[in-house]
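Coordinates in review
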Amino acid sequence: MFINSVNPMFFCLPYLYQIQMPQIFVKEEVSEFEKEQTVSNIQEQTNASGIIRGKGQLWTNDEVNNLVKYYKQYNGDWKKIIKHLKGRNISQCSQKYRKLQDQEKRTKRKWSIQEDKLLLEYYEEYGRQWIKIAEKLPGRTSKQVRDRYVNQINPTINHEQWNEEEDKTIMKEFKLNGPHWAQIAKLLNNRSENQVKNRFYYTILKKYNGELHPYLKIQN
């Protein structure tokens, strides 16, 4: 009688499949590139003071004013600018500044009689609080409000004919300190910044140098 022998492993296979083999976890090494990316991401969210601020946090009026102020002071050097903006990084500051510039371009429209009237009324109430006044004039920035009042509708602006003494003062101060029109205007009799600037470029240069050019250098 022939009996077919069966491989004993045949009966063991179901049991082998039920045995859970120990899992071996291999710790993957982080590449130098990934390390640099991680550090870069942290730095992107962190400003010079080491404080991390969320991307969606709203800007305050003080932050906006400081952003504009220090952008002019440091001529767009963001590394220096963010040192004065606690919790803001370079990316946030540069994007906010571009938005402010775009907003100003969109709102460059002629002032209406009604807007001028309201501006005068709000100035009487709030004084030189340009941000507060701008909040009451939709579509106008604090810079536009300030420029409109100081250079155009301020009732104390002197519109009388210019005299020789004023021209000499402008020329002298320009040679000493450069085109700081607001400072020069304070030395004159109620002249606005724009009046002083226009007087210099379109009259004084021609008078003293024989040329009408806004960027002509003054000869000593």
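See above for the structure.
Described below are features of the structure shown in this document.

Rules used throughout
- Residues numbered from 1 in each chain as written.
- Predicted model: local features only at pLDDT ≥ 70, side-chain atom pairs only at ≥ 80, totals over all residues.
- Heavy atoms only, no water.
- Helix = DSSP H or I, 4+ residues; strand = E, 2+ residues; numbered from the N terminus.
- Expected span 1.5 Å × (residues − 1).
- Contact = heavy atoms within 4.5 Å.
- Phe/Tyr/Trp six-rings, centres within 6.5 Å; stacked < 30°, edge-to-face > 60°.
- Buried < 20%, exposed > 50% of the residue type's maximum accessible area, 1.4 Å probe, protein only.
- Lys NZ or Arg CZ within 6 Å of the ring centre and 35° of its normal.
- Polar contact = N/O pair within 3.5 Å; in protein donor to acceptor, adjacent residues only side chain to side chain.
- Axes fitted to C-alpha atoms, helices over the stretch in contact; angles between N-to-C directions.
- Parallel < 35°, antiparallel > 145°, perpendicular 65-115°, else oblique.
- Nonpolar A, V, L, I, M, F, W, Y, C, P; charged D, E, K, R; others polar.
- Salt bridge = Lys/Arg side-chain N within 4 Å of Asp/Glu carboxyl O.

1. Side note on helix α6 (residues 113-126)
- With 14 residues, α6 should cover 20 Å at 1.5 Å per step; its first-to-last C-alpha distance of 20 Å lies within 8% of that length.
- Contacts made by the buried residues of α6 are with α7 (130-135) and α8 (142-153).
- Of the residues flanking the end of α6, it is G127, one or two places downstream, whose phi is positive at about 70°.

2. Digging into the packing of aromatic side chains
- The full count for this structure, using the stated rule, is 13 aromatic pairs.
- Aromatic side chains Y123 and W130 sit 5.8 Å apart centroid to centroid with 25° between the ring planes, which places their arrangement in the stacked category.
- On the basis of relative accessibility, which here comes to 18%, the residue Y123 falls in the buried class.
- In this structure, R88 is placed above the aromatic ring of W59, and the distance from its NZ or CZ to the ring centre is 4.2 Å.
- Positioned above the aromatic ring of W162 is the side chain of R191, whose terminal nitrogen or guanidinium carbon lies 4.1 Å from the ring centre.

3. Regarding the side chain of R191
- Examined against the element boundaries, R191 turns out to sit in the loop between α10 (181-186) and α11 (193-209).
- On the accessibility criterion, R191 (6% relative accessible area) is buried.
- Within the structure, R191 has its side chain in polar contact with the backbone oxygen of N158 (distance 2.8 Å).
- A polar atom in the side chain of R191 sits 3.3 Å from the backbone oxygen of Q161.

4. Some points on the packing of α6 against α8
- Here α6 crosses α8 at 95°, and the two axes come no closer than 11 Å. Judged by the inter-axis angle, α6 sits roughly perpendicular to α8. Residue-level contacts link D116, L119, L120 and Y123 of α6 to V145, R148, Y149 and I153 of α8.
- In terms of residue class, the contact of α6 with α8 is made up of six nonpolar, no polar and two charged.

5. Brief notes about the side chain of D116
- Examined against the element boundaries, D116 turns out to sit in helix α6.
- We classify D116 as buried; its relative accessible area is 15%.
- When sequence neighbours within four positions are dropped, the list of residues in contact with D116 reads W111, R148 and I153.

6. Quick word on the pattern of salt bridges
- For the structure shown, the criterion picks out nine salt bridges.
- Across the pair R109 and E115 runs a salt bridge, and its minimum N-O distance is 3.1 Å.
- Given the relative accessible area of 40%, R109 is considered partly exposed.
- Under the relative-accessibility criterion, E115 is labelled buried at 11%.

All we've got here are geometric facts, nothing functional implied.
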